[in-house]
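One letter stands for each residue in the lines below.
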Amino acid sequence: MKGIVLLMLIYLSPAWALGDNMLFIGPLAGATTYSTSSGSTNRDTQFSYGMENIFVHDQWAGGLVYQYFSPGMEGSQTINVTQSNHWLAAEGKYRLWNENFSPYVAVGAGAVFQTVYTTVMGASDKIQGTFFVQDLGIGILGKIADDFGVSLSAKYYQFSNINGFNYFISVGFFPSLKN
Amino acid sequence: MIVWWGLAWVSVIGCNKMAPNGGVYRVRIPLDDHTGHYSLQTVELHTVKDIRAMAGSTATFLADGKFNVFAGKNGGEQAASANFGSTPSAEFIDVGGVLHPADFRSMAMAASMYHFESIKNFYDRFRGNENLKFPRLILFNVGVVHNFGVGEVELVNNAAFVPSLDLFWINPYKNADVPLAFNGGALAHEYLHSVFNVKFHAAEMANLEAGRITALQARRAEQSVAELWSSNEWLPNFPSFNGFPPPPDDGDLELGKNDLIKINRFIYGSLNEGIADYYGYEYSRNPGWLTPSLPTQAFRDLSVAKDFSWNVAGQKRLIMQSFSVDGAQTHLDVHWAGAYFSHMLYLVSQQWGSVDTEKAAFNFMGRYADKYTTDHEKRFISMGELVRLFFMDRSPADPLCQKIKAIFSGELNDGNFLCAFSGGTVWR
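For clarity, every value in this text was computed on a predicted model and none was experimentally measured.

Calculation rules
Along each chain, numbering runs from 1 in the same order as the chain's sequence is written. To read the labels, note that chains go from A and ligands from 1, taken in the order they are written. Predicted model: local features are reported for residues with pLDDT of at least 70 only, side-chain atom pairs are reported and counted for 80 or more only, and whole-chain, interface and lining totals are derived from all residues. Values shown for side chains rest on all heavy atoms present in the structure; no hydrogens or waters enter the calculation. Confidence of the prediction at every residue is given by pLDDT, a number between 0 and 100. Here, two residues are considered to be in contact whenever any of their heavy atoms come within 4.5 Å of each other. Each helix corresponds to a stretch of at least 4 residues labelled H or I by DSSP, and each strand to a stretch of at least 2 residues labelled E; elements are numbered beginning at the N terminus. Using a 1.4 Å probe on the protein chains alone, a residue whose accessible area is under 20% of its type maximum counts as buried, one over 50% counts as exposed, and one in between counts as partly exposed. Paired strands, as defined in this entry, are two strands with at least two bridges between them according to DSSP. Distance and chemistry together define a polar contact, namely a pair of N or O atoms within 3.5 Å, with one atom able to donate a hydrogen and the other to accept it when in protein, and with adjacent residues in sequence counting only for side-chain atoms on both sides. Two joining distances apply to patches: 9 Å for like charges and 5 Å for nonpolar side chains (Val, Leu, Ile, Met, Phe, Trp, Tyr), and every residue must have over 30% relative accessible area and no salt bridge. Throughout, the Shrake-Rupley method with a 1.4 Å probe supplies accessible areas, and for residues the shown protein chains are the sole cover considered. Throughout this description, the term salt bridge denotes a Lys or Arg side-chain nitrogen within 4 Å of a carboxyl oxygen of Asp or Glu. Buried area: the accessible area, evaluated with a 1.4 Å probe, that two parts lose upon being put together, summed over both parts. Under the scheme applied, nonpolar residues are Ala, Val, Leu, Ile, Met, Phe, Trp, Tyr, Cys and Pro; charged residues are Asp, Glu, Lys and Arg; polar residues are all the others, including Gly. Lines are fitted to the C-alpha atoms to define the axes, a helix being fitted only along its stretch in contact, and any angle between axes, read from their N-to-C directions, falls within 0 to 180 degrees.

> I'm lost on the confidence of the model for chain B in this one. Help?
Parts of the model with low pLDDT should not have their predicted coordinates read in detail. Residue and element names in this part refer to chain B. Taken residue by residue, chain B gives an average pLDDT of 86. The fraction at 70 or more is 84%. Here residues 1-16 is a poorly scored stretch, pLDDT under 50, and it has 17 contacts once near neighbours within four places are set aside; other chains count. Here residues 421-428 is a poorly scored stretch, pLDDT under 50, and it has seven contacts once near neighbours within four places are set aside; other chains count. The complex prediction reports pTM at 0.89, with the ipTM value standing at 0.87.

> Could you clarify how one ought to interpret unusual backbone geometry in this entry?
The phi angle of most residues is negative, glycine excepted, and most peptide bonds adopt the trans form. Residue and element names in this part refer to chain B. The linkage connecting Phe134 with the following residue, Pro135, adopts the cis geometry, with an omega of 0°. Looking at the secondary structure, you find Pro135 in the loop between helix H2 (104-124) and strand S10 (136-140). With an omega dihedral of 0°, the bond running from Asp398 to Pro399 counts as a cis peptide bond. Secondary-structure assignment places Pro399 in the loop between helix H9 (383-390) and helix H10 (400-407). Despite not being glycine, Asn157 shows a phi value in the positive range, around 55°. By the secondary structure assignment, Asn157 is in the loop between strand S12 (152-154) and strand S13 (159-162).

> Explain the pairing of strand S11 (residues 143-147) of chain B here, please?
Within a regular beta strand, the side chains point alternately toward one face of the sheet and then the other, so they alternate between its two faces. Residue and element names in this part refer to chain B. Counting buried positions along S11 gives four out of five residues, so the element sits mostly inside the fold. Bridging between S11 and S12 involves three bridges; their strand directions are antiparallel. Bridged to His146 within S12 is Val153.

> What exactly am I supposed to notice about the side chain of Ser382 of chain B here?
Residue and element names in this part refer to chain B. Along the chain, Ser382 falls in the loop between helix H8 (354-375) and H9. When its relative accessible area of 4% is taken as the criterion, Ser382 is described as buried. Within the local environment of Ser382, its side chain forms a polar contact with the side chain of Glu411, the two groups lying 2.8 Å apart. With sequence-adjacent residues up to four places away left out, Ser382 is seen in contact with Val312, Gln315 and Glu411.

> What am I meant to see in the confidence of the model for chain A here?
The pLDDT averaged across chain A works out to 86; a share of 86% of its residues lies at or above 70. Confidence over residues 1-19 of chain A falls short of pLDDT 50; this stretch has 26 contacts with residues more than four positions distant or in other chains.

> What is the right way to read a nonpolar patch on the surface from this model?
Residues and elements named next belong to chain A. A cluster of nonpolar side chains, namely Phe101, Ile144, Phe148, Leu152, Ile169, Val171 and Phe173, defines an oily patch on the protein surface of about 620 Å² accessible area. Secondary-structure elements contributing two or more residues to the nonpolar patch are strand S7 (148-159) and strand S8 (162-173). Among the elements that line the nonpolar patch, the one with the most residues is S8, at three residues.

> Would you mind showing me how to read the interface of chain B and chain A here?
Much of the literature gives interface size as the accessible area that the parts lose upon coming together. In this assembly, 41 residues from chain B lie in contact with 36 residues from chain A. Taken together, the two surfaces of chain B and chain A that pack against each other cover about 3000 Å², and 61% of this comes from carbon and sulfur. Summed over the shared surface of chain B and chain A, the number is zero salt bridges. Along the contact surface separating chain B from chain A lie eight residue pairs in polar contact (both at pLDDT 80 or more). Those elements that place two or more of their residues in the side of chain B that touches chain A are helix H1 (2-16), strand S2 (38-45), strand S8 (92-95), strand S9 (98-101) and H2 of chain B. Here the residues of the side of chain B that touches chain A sort into 24 nonpolar, eleven polar and six charged.

> Before we go on, may I ask you to explain the side chain of Lys93 of chain A in this structure?
Inspection of the secondary structure assignment puts Lys93 of chain A in strand S4 (residues 79-95). Within polar-contact distance, the side chain of Lys93 of chain A engages the side chain of Glu91 of chain A at 2.7 Å.

> Whenever I open this one, the sheet that holds S8 of chain B confuses me. Can you help?
The strands that make up a sheet pair up through hydrogen bonds in the backbone, lying either parallel or antiparallel. All names here are of chain B. If you walk across this open sheet you meet the four strands as S2-S1-S9-S8, and the pairing is mixed. Of all the strands in the sheet, the pair left with one neighbour each is S2 and S8. Direction aside, the axes of adjacent strands within the sheet are offset by 40° on average.

> Please explain the pairing of S2 of chain B as it appears in this structure.
Residues and elements named next belong to chain B. Bridge count between strand S1 (residues 25-32) and S2: eight bridges; the pairing is antiparallel. Of the residues in S2, the one forming a bridge with Asp32 is Tyr38. Hairpin remark: S1 followed by S2, antiparallel, with five residues in the connecting loop; positive phi at His34, about 80°.

> Can you walk me through the environment of Gly314 of chain B in this structure?
Residue and element names in this part refer to chain B. Within the secondary structure, Gly314 sits in helix H6 (residues 312-323). Taking relative accessible area as the criterion, Gly314 reaches 5% and is therefore assigned buried. For the pair Gly314 and Gly251, spaced 63 residues apart in sequence, the C-alpha separation works out to 7.7 Å.

Here it is as structure tokens:
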């Protein structure tokens, strides 16, 4: 996973120039929330953090987003489950206008790599699974200084039988790429 | 882009299916090894139609509901508001055809579903499921808030059968021990309440149709057992108990009809809890099935020796005394009184065998319900009388008989409870 992210960064390095292009890369922090049962107001909300990288060309943009979230240990001291999720997705964005702080719509797809630790009376079991994930969202992206920018995102996502909302803010390096 | 998204949606639809294999789901859940030690084991679910929605022909789950309950008339309870909950979204990771729960809730519901399937089969052996409706409805992680005029108290660390709604609920578990959703004995205990409920209604209707009770008496009998709650059930941690103290010698107590109804209702509740504890033992094969989940309830271990030394007059005083403390049963719990009866059934089971004792207890429930509906307003039906009623068809032979006399020493040592003699005449 780290290899994939690194590959993306190298691929979109400032050495690859295409006219008035920009590259955003920065850490993100936010939350992911989903209903614990169909139609219920009972929701599980977890802090998420990760990294976002966006290549911008005029009104089009695309890149990779990585997030980690985990509900932490659930259950009792005697019987409990800890779930952790690594979410890696490729996203395509369309900026509504080609100006600074233009809102955008985005679609994404990727994978959630889930690890589940189950502990029963001191004995632990580890299981891993991979789920296809897709999302649809909106956001806003813009520069706040010469080479720095901010990205705000809100999206609806789905993987396995989880349907929820994800929100995050990302502040990072946002230089223009020279021709 | 469009083709790519189309492929993505197709693959999503494919991934969302979690169909059973030949009608059977194999799931990994914590199970007891009959000694109170739990470990992860792979089990099969045979009656589940949708594992993610936790829906099947034996049981169906709803999750995250909320009830607000207040004190009703006649010592019962009423719901001020009721949200039964929503269809669950259980998550699993499929590894080689075995579903591993991906979170705690899914694991707890899968374990409860497994136990309900097994428990149904358990009660099928002696027609215990007659007139029960399936699938049974189970409310998982339901919040029940109690408003009895002293502030709000949330019910936790508990599971219950609710007779008026004919459903089960499993409340949030906040202790460090084994959550009740995994405790098969606890679920079999609650299931018994639904079986006893049916037996009670059948006896009530039979007496009504035979003219032995009036419609008004039938309604009063129904109301008296509609909801049986102890204020102790609302406490986050059940207090521990070591047995009732020896009774004082205060003589008999004259009781009016309303008091008779109250104390007979308490005995009904105690018997209900005692028999439920017994069936919890027979299902789990562990007399201490409750201790891994609620260690303070160790007195209810069926193998622990007990002595109920209160005679008939003493029992009346003991029960009436508890009602005098702010109108709530603060130190007398139906579970404690029931523990004496469950201990007796445990000893009987060691001598007669599980199958004979389960059938005897099942038949006894009907006989007792019959007696209760006709007599509960007229006279006190004591613990000793219940014991005699249980052994009506088959008297216990020594050494079992002596053990039973020792448990109910207050009533059964007066010479009118005789033991059967091997090879001799059986006294009825």
